[in-house]
Amino acid sequence: MGWPGRMTLSLLLVLVPMYLHGASLQKAGSAGQRKPFFERLRRLEEQFRSFQEVTLTQLKGIANNYNMSYDIDAQLQSLAEESQAVALTVNRSQAAIQGDLAHLKAWVRKTQHRSRKMGMRLQALDLALTEKTRQWVQAGKEQKTQRDVISGLALGTQALQDALVSLTHQVHSQGARLAALEGQLQMASPGTAAPGWTPAPTPAQPVHPGPLMLLTDRQDLAPHPTESRDFTAHLLGTQKPPAPSSHWAPGGAAAVPRDPPQGSGEVCNLGPVFTFPDASPENVIFLSPSFLTALRALSFCSWVRTSSGHLGTLLSYATEENDNKVVLHGRDSLIPGSLHFVIGDPAFRELPLQLLLDGQWHHICIIWTSVQGKYWLHVDRRLVATGSHFREGYEIPPGGSLVLGQEQDSVGGGFDRSEAFVGSMSGLAIWDRALVPGEVANLAIGKELPTGAILTLANASWVGKFVQRANCTCLELCP
């Protein structure tokens, strides 16, 4: 109720009693006999007063409630401000929690990537142990074969010596019989000697000569060296031993003569040389554009010189689907100098590149085709490793990020010092087909670049600030 309404009600309550009182006074003089009416009026006045008191009490309660409503509004305003403060705090907490969740997701992805790498290392360890066990078994078999051959040769030599001793006895026996016949001839024709015959003394008790004695005193009876080898082979029932010009290892196994390694020689006009001086995460080269179409074959060739005890990452191709679509890295290999050739993580092959750890320039070509999953590794014009059924029928998707010198844990980033390449590269080129051996040989001696290269170092769109670029006339002149 508003303020004018309360004033009107209060005035009415004052005027009504006064009016009633005046009316009672006027009627008192003229109608004294009408006392019951006034008695009723008095009771009515008392009831009205009681009603007035109740009404005032109610009005006071209403006024108190109105004051309380003001207090409630203030409390509601305070509660609204507190709720806004709580909402602001909740929003800040949500932002902090979202940041923590983003960091946690990144850490989980990093942990998953590390776990995949650990799985690859365990797989490589298993393969290495299996290969080492196979080599040990093969070496044991070869040693047993060598021992059997040596034993056979010893038996053959002993048989040959026994045969020569028997032959010597037979010669001495024939000499004795010849001497006896000469004596009989001389007795039959005393004083004359058979023409062409020379008297010989009576043979003494024959002596059993040894092998050395046979070879020195009776060289006229020793067979020709070629006949000796044929005779030994006939006795042993085996092939002839190797010719004297062959090279033999101390254990008896033939050592295949190796050509000297093909170094850089005078390989010139390869373009710029990029040097990665240390393992900084900023030492990286981006090649752009990367693969514009899907690849069902790939050839990667480059001159490489390392400056550390491991190869590091030569190339990394990452997409949104997989950050290890194509990777050439040696950091996680258990064997120093070996390199993991990854196509579509986690599938990989381990390639032997120990020759690259000598700090010299070497030419490498890694070739793959999805047809039967065949792959080849050429080092300095030599075919070092080959295989098949590696990502057979696979297709490398286009549109990813291609970098040199670092491995990507995410598209265009996620670099790590432990996976860096430290050394130099030159003459790098990539083809979307499998090069033939003649093309690889021409590249390794600095001849013409095969046609159809889709990427070279001329496609370097961004070079890390610590990567050094030099223009050397020939590789051997590069510092």
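Residues numbered from 1 in each chain as written. Predicted model: local features only at pLDDT ≥ 70, side-chain atom pairs only at ≥ 80, totals over all residues. Heavy atoms only, no water.

## Description of the layout of surface pockets
What the largest pocket holds in volume is close to 490 Å³. Mapped by element, the contributors of at least two residues to the lining of the largest pocket are α2 (35-188), β7 (348-352) and β10 (382-387). Tallied by class, residues from the lining of the largest pocket come to 13 nonpolar, 4 polar and 4 charged. Both of domain 1 (38-138) and domain 2 (272-477) provide at least three residues apiece to the lining of the largest pocket. (1 Å grid on protein atoms, 1.4 Å probe; cavity = no way out; pocket = protein on both sides within 12 Å on 5 of 7 lines; lining within 4 Å. Points joined across faces, edges and corners; volume = space filled by probe spheres on them. Helix = DSSP H or I, 4+ residues; strand = E, 2+ residues; numbered from the N terminus. Nonpolar A, V, L, I, M, F, W, Y, C, P; charged D, E, K, R; others polar. Domains from an automatic or database assignment.)

## A short note on the pairing of strand β9 (residues 374-379)
In this structure, strand β8 (residues 362-369) lies alongside β9, joined through 6 bridges in antiparallel fashion. Among the inter-strand pairings, Trp368 is bridged to a residue of β9, identified as Tyr375. Taken together, β8 and the strand that follows it, β9, pair antiparallel across an intervening segment of 4 residues, in which Gln372 is found at a positive phi of about 60°. Of the strand pairs in this sheet, β9 and β10 are connected by 5 bridges, and their pairing is antiparallel. Residue pairing across strands places Leu377 opposite Ala385, the latter belonging to β10. Adjacent in sequence and paired antiparallel, β9 and β10 are bridged by 2 residues, among which Asp380 carries a positive phi angle near 50°. (Pairing = 2+ DSSP bridges.)

## A short note on the state of the cysteines
Considering all chains together, one arrives at 3 disulfides under this definition. Disulfide pairing places Cys301 opposite Cys365 at an S-S distance of 1.9 Å. Here the S-S torsion is close to 120°, and the disulfide linking Cys301 with Cys365 is therefore right-handed. Here Cys301 is found in strand β3 (residues 297-306), whereas its partner Cys365 is found in strand β8, with 64 residues between them in sequence. Note on accessibility: Cys301 and Cys365 belong to one class, buried. Covalent S-S linkage joins Cys472 and Cys478, the inter-sulfur distance amounting to 2.3 Å. Assigned by exposure class, Cys472 and Cys478 land together as buried. The connectivity of the disulfides in the chain is 1-5, 2-3, 4-6, where the numbers refer to bonded cysteines in sequence order. (Disulfide = S-S within 2.5 Å. Buried < 20%, exposed > 50% of the residue type's maximum accessible area, 1.4 Å probe, protein only.)

## Looking at the environment of Thr456
Mapped onto the elements, Thr456 comes out in strand β13 (residues 453-456). For the pair Thr456 and Ser426, spaced 30 residues apart in sequence, the C-alpha separation works out to 9.6 Å.

## Here's the deal with the sheet that holds strand β14 (residues 460-463)
The 7 strands lie next to each other as β7-β6-β5-β4-β11-β2-β14, forming an open sheet whose pairing is antiparallel. Edge strands, defined here as strands with exactly one partner in the open sheet, are β7 and β14. Averaged over all pairs of adjacent strands, the angle between strand axes in this sheet comes to 20°, irrespective of strand direction. With 4 bridges joining them, strand β5 (residues 326-329) and strand β6 (residues 338-343) adopt antiparallel strand pairing. Along β6, the bridge assignment pairs His329 with His340. (Axes fitted to C-alpha atoms, helices over the stretch in contact; angles between N-to-C directions.)

## Let's talk about the packing of aromatic side chains
Counted under the stated rule, the structure contains 7 aromatic pairs. Between Phe341 and Phe390, the aromatic rings sit 5.5 Å apart at their centres with planes inclined by 65°, giving edge-to-face as the arrangement. Of the two residues, Phe341 is situated in strand β6 and Phe390 in the loop between β10 and β11 (401-404); the sequence distance between them amounts to 49 residues. Consider the rings of Tyr375 and Phe390, whose centres lie 5.9 Å apart with planes at 80°: the pair is edge-to-face. Placement of Tyr375 in strand β9 and of Phe390 in the loop between β10 and β11 is noted, with a sequence separation of 15 residues between them. Each member of the aromatic cluster is reached from another via a ring pair, and the members are Phe286, Phe415 and Trp462. (Phe/Tyr/Trp six-rings, centres within 6.5 Å; stacked < 30°, edge-to-face > 60°.)

## As for the confidence of the model for the chain
Summary statistics for the chain give a mean pLDDT of 78 and a share of 72% for residues scoring 70 or more. Here residues 191-264 scores under 50 on pLDDT; set against residues more than four positions off or in separate chains, the count is 61 contacts. (pLDDT = per-residue confidence, 0-100. Contact = heavy atoms within 4.5 Å.)

## A short note on a nonpolar patch on the surface
Nonpolar side chains collect at one region of the surface, where Ile97, Leu101, Leu104, Trp107 and Val108 lie side by side and expose about 490 Å² of accessible area between them. Mapping Leu101 onto the fold places it in helix α2. A relative accessible area of 42% places Leu101 in the partly exposed class. (Patch = residues over 30% accessible without salt bridge, like charges linked within 9 Å, V, L, I, M, F, W, Y side chains within 5 Å. Areas by Shrake-Rupley, 256 points an atom, 1.4 Å probe, with all protein chains shown as cover. Salt bridge = Lys/Arg side-chain N within 4 Å of Asp/Glu carboxyl O.)

## Brief notes about the side chain of Asp416
Within the secondary structure layout, Asp416 lies in the loop between β11 and β12 (423-431). A polar atom in the side chain of Asp416 sits 3.1 Å from the backbone nitrogen of Ser418. Once residues lying within four places of it in the same chain are set aside, the contact partners of Asp416 are Arg114 and Gln406. (Polar contact = N/O pair within 3.5 Å; in protein donor to acceptor, adjacent residues only side chain to side chain.)

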